[in-house]
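Okay, here's what each chain looks like letter by letter:
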Amino acid sequence: MRRTWSLLVVGLIALAATTASAQNRSVRTRWAQRSLTMPSQVLRLDLAPPDHAMLDSGVLGEGYGFRFSGWDDDGDGDPDDVVVISGVGLAYGITSAFELGAKVLPVRFHPDPDYLDLEVYGRFAFVRTRVADMGFQLNVQLPTDRPRMGGVGAAMPIRIRMGEVGRLDFGIELETLFWDIDGDDELEVDFNLDLPIALAFSVTERFYLGGHFGLLFADFDRVSLRGGGHVGYTVGRRTPLVDFTGAFNFYGGDRYHYGYARDAGWRPGGLRRWEIIGGLRVHFRL
């Protein structure tokens with residue numbers, strides 16, 4: 001009898017440990033409760049922005065999802081062209097504190113279909129508490145499109161969780177862009193400062209909505225702003241867990257995006273006025 005009870009206790013402990021491990025390796029259903037980095041051994045397919053702050057702002061680290069953007073090429077305040085792009089990414093939780101990801105299929109469909117700039121990023125959370133996470137993020141852009149030659153972004157993302165209801169994402173990023181705009185093999189360098197912020201509320205366990213805002217100091221001599229909202233609904237539990245999401249943006253100031261706007265020879269130029277984003281994120285526990 002004693003041996004039977006001992007085996008039963010050991011079995012219950014093993015089951016509890018297995019369940020806890022599975023929970024630690026699972027993405028939380030509530031948007032407001034998710035960590036800055038994914039759990040270990042979780043793969044995420046990004047057909048939408050991974051978040052609405054550091055991975056959806058600035059010149060580097062944005063462009064995920066299916067996007068319609070209205071561009072003002074002549075500066076008269078009215079969109080002259082609609083640019084259609086799509087960004088597909090993958091991310092993986094190496095550990096519970098380190099996430100590695102890439103935007104592997106950045107494609108412009110209209111006008112002039114083209115493969116755009118491939119990007120990879122790493123995010124390390126060096127502070128993780130029940131209330132807040134803080135980390136370091138490095139973005140690297142590869143020269144798969146012209147005229148951009150490459151770029152590097154160093155950022156500090158911060159996430160604050162307000163119980164089961166609210167979530168605040170913000171941070172600061174310094175972007176360095178390398179160009180050969182006129183094709184003379186002489187690189188030009190731009191430095192951007194990106195300051196995004198996003199506030200979201202989990203209305204229910206699966207439905208969330210929020211707003212976002214950002215300032216971009218382009219080459220430290222032009223200021224642009226972004227404002228908008230986002231909404232999402234989660235289906236499934238543990239694996240696969242799917243977020244259906246949509247967002248919209250309005251832009252002001254000298255907001256530009258290299259490679260997405262149509263200007264002479266696809267050179268830097270044009271002002272983005274509005275943008276509509278749709279897509280989904282799929283999480284798989286491996």
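Above: the structure in question.
Worth saying up front: this structure is predicted, and the values here are computed from it rather than measured.

1. Quick look at empty space enclosed by the protein
Moving on, step 1. Under the definition given, this model contains two cavities of 30 Å³ or more.
Moving on, step 2. Computed from the structure, the largest cavity encloses a volume of approximately 40 Å³.
Moving on, step 3. Lining the largest cavity, in full, are L36, D51, A53, M54, R123, P157, I158, R159, D169 and F170.
Moving on, step 4. Of all the elements in the fold, those that place two or more residues in the lining of the largest cavity are β8 (148-162) and β9 (166-179).
Moving on, step 5. Counting residues per element, the lining of the largest cavity draws most heavily on β8, at three residues.

2. Observations concerning the environment of D81
Moving on, step 1. Inspection of the secondary structure puts D81 in strand β3 (residues 81-95).
Moving on, step 2. Here D81 falls in the buried class, since its relative accessible area comes to 9%.
Moving on, step 3. Separated by 30 residues in sequence, D81 and P111 have C-alpha atoms that sit 8.6 Å apart.

3. Observations regarding the pattern of salt bridges
Moving on, step 1. This model, assessed by the stated rule, comprises 16 salt bridges.
Moving on, step 2. We note a salt bridge from R67 to E62, for which the minimum N-O separation is 4.0 Å.
Moving on, step 3. Put simply, D169 and R167 hold a salt bridge, and the shortest N to O gap is 2.7 Å.
Moving on, step 4. Here R167 falls in the buried class, since its relative accessible area comes to 1%.

4. As for the pairing of strand β4 (residues 98-110)
A regular strand carries its side chains on alternate faces of the sheet.
Moving on, step 1. With eleven bridges joining them, β3 and β4 adopt antiparallel strand pairing. Looking at the pairing, S86 lines up with V107 of β4.
Moving on, step 2. Relative to strand β6 (residues 119-128), β4 runs antiparallel, the two sharing six bridges. Each bridged residue has a counterpart across the sheet, and for L100 the counterpart in β6 is G122.
Moving on, step 3. In this structure, β4 lies alongside strand β5 (residues 114-115), joined through two bridges in antiparallel fashion.

5. Examining the pairing of strand β2 (residues 65-72)
Moving on, step 1. Among the eight residues in β2, six count as buried, and that is most of the element.
Moving on, step 2. Pairing analysis gives seven bridges linking β2 to β3, with the strands arranged antiparallel. Across the sheet, residue G70 finds its bridge partner in β3, namely V82.
Moving on, step 3. As defined by bridge partners, β2 adjoins strand β14 (residues 271-285) across seven bridges and the pair is classed as antiparallel. Looking at the pairing, W71 lines up with R272 of β14.

6. A look at the nonpolar core
Moving on, step 1. Membership of the largest hydrophobic core is limited to eight residues, which are V27, M38, V42, L55, Y64, A91, Y121 and L241.
Moving on, step 2. Ignoring sequence-local partners within four residues, the contact set of V27 consists of R34, P39, V42, L241 and H283.

Calculation criteria
- Residues numbered from 1 in each chain as written.
- Predicted model: local features only at pLDDT ≥ 70, side-chain atom pairs only at ≥ 80, totals over all residues.
- Heavy atoms only, no water.
- 1 Å grid on protein atoms, 1.4 Å probe; cavity = no way out; pocket = protein on both sides within 12 Å on 5 of 7 lines; lining within 4 Å.
- Points joined across faces, edges and corners; volume = space filled by probe spheres on them.
- Helix = DSSP H or I, 4+ residues; strand = E, 2+ residues; numbered from the N terminus.
- Buried < 20%, exposed > 50% of the residue type's maximum accessible area, 1.4 Å probe, protein only.
- Salt bridge = Lys/Arg side-chain N within 4 Å of Asp/Glu carboxyl O.
- Pairing = 2+ DSSP bridges.
- Core = buried A, V, L, I, M, F, W, Y, C linked by side-chain atoms within 4.5 Å.
- Contact = heavy atoms within 4.5 Å.

All we've got here are geometric facts, nothing functional implied.
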